[in-house]
Amino acid sequence: MPLHANGMGKGQAFLQGTLSGAVEPIAGFITILLASQLVPLMPVLLSFAAGAMIYVVVEELIPEMSEGEHSNRATLAFMVGFAVMMMLDVLFS
């Protein structure tokens, strides 16, 4: 729908949306094949995934953070603050 709203034809927008989702089953199948080798790396991989999600939430879903010329600083400050909070939680629990 966003592609169509920006002027792309319905068929082309549908095709682009379908192709962008076609990667997921392929990557899922590859992950299943490599699951036994990936188990030791899971904590690191999940940490990176969590960091990416936090970045997306802060940068895209909190509109006040991305306003102005210092939006990158605000995002980095949020991430550093979150990391400090998590370290203190582990230290004092």
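Residues numbered from 1 in each chain as written. Predicted model: local features only at pLDDT ≥ 70, side-chain atom pairs only at ≥ 80, totals over all residues. Heavy atoms only, no water.

Right, let's get into the overall build of the protein chain. If you tally the helices and strands in the protein chain, you get six helices and zero strands. Overall, the protein chain shows an N-to-C arrangement of helices and strands of α-α-α-α-α-α. Relative to the compact-globule value of 12 Å for 93 residues, the protein chain shows a C-alpha radius of gyration of 19 Å, a clear excess of over 25%. Taking the principal axes of its C-alpha atoms as reference, the protein chain extends roughly 55 × 45 × 20 Å. (Helix = DSSP H or I, 4+ residues; strand = E, 2+ residues; numbered from the N terminus. Rg over C-alpha atoms; globule rule 2.2 N^0.38 Å.)

This paragraph deals with a nonpolar patch on the surface. Side chains of V80, V84, M87, L88, L91 and F92 sit close together on the surface and give an oily, nonpolar patch of about 650 Å² of accessible area. Looking at the element boundaries, V84 is found in helix α6 (residues 71–92). (Patch = residues over 30% accessible without salt bridge, like charges linked within 9 Å, V, L, I, M, F, W, Y side chains within 5 Å. Areas by Shrake-Rupley, 256 points an atom, 1.4 Å probe, with all protein chains shown as cover. Salt bridge = Lys/Arg side-chain N within 4 Å of Asp/Glu carboxyl O.)

A separate point is the confidence of the model for the protein chain. Averaged over every residue, the pLDDT of the protein chain is 85; the share at 70 or more is 98%. Looking over the protein chain, one finds the lowest element-wise mean pLDDT in helix α1 (residues 2–5), namely 78, and the highest in helix α3 (residues 23–33), namely 91. (pLDDT = per-residue confidence, 0-100.)

Next up on the list: the environment of G81. The topology assignment puts G81 in helix α6. Along the backbone, G81 and P40 are 41 residues apart, and their C-alpha atoms lie at a distance of 28 Å.

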